[in-house]
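As a plain string of letters, each chain reads:
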Amino acid sequence: MSTTMRLAIGSVFIGALVLAIKALAWQLTGSVALFSDALESTVNVATAIAALIAIRIAARPADASHPYGHHKAEFFSAVLEGVLIIVATLLILREAYNGFM
């Protein structure tokens with residue numbers, strides 16, 4: 001297993017642990033700030049999983065249908081991260097508005 005793959009797997013596990021701690025803190029306090037932080041951690045875990053998958057796909061050798069390799073899989077991972085950040089932002093704004101009202 002490559003160093004990159006080990007780092008990606010570690011990122012998923014650490015992200016999940018941090019998410020669990022933040023979600024527990026939010027449940028105990030009901031804080032909108034902690035909810036926001038937990039949502040951001042959800043994005044981190046989802047993108048870490050997407051990066052892990054993209055790394056595995058990008059490592060495949062070139063074949064007949066992909067003569068230059070599978071490296072573009074990493075770009076899809078980056079797009080997914082951007083979309084998830086926007087979704088989390090919208091959810092955070094909704095909760096902040098509801099908390100303010």
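The preceding data block contains the structure.
To start, this report covers the structure provided alongside it. Nothing here was measured: the structure is a model prediction, and the numbers come from that model. (Residues numbered from 1 in each chain as written. Predicted model: local features only at pLDDT ≥ 70, side-chain atom pairs only at ≥ 80, totals over all residues. Heavy atoms only, no water.)

A few points about the overall build of the chain
What counts here: Each helix is a run of H or I in the DSSP string that is no shorter than four residues. Each strand is a run of E no shorter than two, and both are numbered from the N terminus. It is over C-alpha atoms that the radius of gyration is taken, and the globule rule equals 2.2 Å times the number of residues to the power 0.38. Only protein chains enter the accessibility calculation, which uses a 1.4 Å probe; a residue is then buried when its area is under 20% of its type maximum, exposed when over 50%, and partly exposed in between. Should any heavy atoms of two residues lie within 4.5 Å, those residues are counted as being in contact. None of His or the chain ends enter the tally, which takes Lys and Arg as positive and Asp and Glu as negative. Every charge is mapped to an atom, namely NZ of Lys, CZ of Arg, CG of Asp or CD of Glu.
Within the chain one finds 3 helices and 0 strands. When the elements of the chain are put in sequence order from the N terminus, they spell out α-α-α. For 101 residues, the compact-globule estimate of 2.2 N^0.38 gives 13 Å, and the chain exceeds it by more than 25% at 17 Å. In terms of principal-axis extent, the alpha carbons of the chain reach across some 60 × 25 × 15 Å. The buried share of the chain, reckoned over its 101 residues, is 22%. When contacts within the chain are restricted to residue pairs at least 6 apart in sequence, long-range pairs at least 24 apart make up 53% of them. Here the chain carries 6 positive and 6 negative side-chain charges, and the mean point of each set is 7 Å from the other.

Digging into helix α1 (residues 3-29)
The cut-off we apply is this: Expected helix span is taken as 1.5 Å per residue step, with the number of steps being one fewer than the number of residues.
Over its 27 residues, α1 runs 39 Å from end to end, which matches the ideal 39 Å to within 8%, given 1.5 Å per residue. Every buried residue belonging to α1 is among Met5, Ala8, Val12, Gly15 and Lys22, and all of these are buried. The inward-facing, buried residues of α1 abut α2 (32-58). Phi turns positive one or two residues past the end of α1, at Gly30, with a value near 75°.

Considering α2
Taking 1.5 Å as the rise per residue, α2 with 27 residues should run 39 Å; its terminal C-alpha atoms sit 38 Å apart, in good agreement. Against the buried residues of α2 lie α1 and α3 (73-100).

Focus: the packing of aromatic side chains
Using the following cut-off: Ring geometry is summarised as follows: Phe, Tyr and Trp rings, the Trp one being its six-membered ring, pair when their centres sit within 6.5 Å, and such pairs are stacked at plane angles under 30 degrees, edge-to-face over 60 and tilted between the two.
Inspection of every chain in the model, using the stated rule, returns 1 aromatic pair. Summarising the aromatic geometry, the rings of Trp26 and Phe35 are spaced 4.9 Å apart at their centres and angled 45° between planes, so their arrangement reads as tilted. A relative accessible area of 27% places Trp26 in the partly exposed class.

A look at the packing of α2 against α3
Helix packing geometry: the angle between the two helix axes and the distance between the axes. Inclusion rule: Axis angles are defined between N-to-C directions and span 0 to 180 degrees, where every axis is a line fitted to C-alpha atoms and, for a helix, only to the segment in contact. Under this scheme an angle from 65 to 115 degrees is roughly perpendicular, one under 35 degrees roughly parallel, and one over 145 degrees roughly antiparallel; angles in between are oblique. Gly is put with the polar residues, along with every residue not named as nonpolar or charged; the nonpolar set is Ala, Val, Leu, Ile, Met, Phe, Trp, Tyr, Cys and Pro, and the charged set is Asp, Glu, Lys and Arg.
Where α2 contacts α3, the two axes come as close as 9 Å, and the packing angle between them is 170°. By the angle class used here, α2 and α3 are roughly antiparallel. Facing α2, whose interface residues are Val32, Phe35, Ser36, Leu39, Val43, Ala46, Thr47, Ala50, Ala51, Ala54, Ile57 and Ala58, α3 presents Ala73, Glu74, Ser77, Leu80, Glu81, Leu84, Ile85, Ala88, Leu91, Ile92, Glu95 and Ala96. Among the residues forming the contact of α2 with α3, the class breakdown is 18 nonpolar, 3 polar and 3 charged.

Concerning the pattern of salt bridges
What counts, and what does not: Salt bridges are identified by distance alone: a Lys or Arg side-chain nitrogen within 4 Å of an Asp or Glu carboxyl oxygen.
Under the definition given, this model contains 2 salt bridges. For Lys22, the salt bridge is made with Glu40, and the minimal N-O distance between the two is 3.9 Å. In this pair, Lys22 sits in helix α1 while Glu40 sits in helix α2, placing the two residues 18 residues apart along the sequence. A relative accessible area of 18% means that Lys22 is categorised as buried. Residue classification places Glu40 among the partly exposed positions, given a relative accessible area of 35%. Shared partners join several salt bridges into a network, and the residues in it are Lys22, Asp37 and Glu40.

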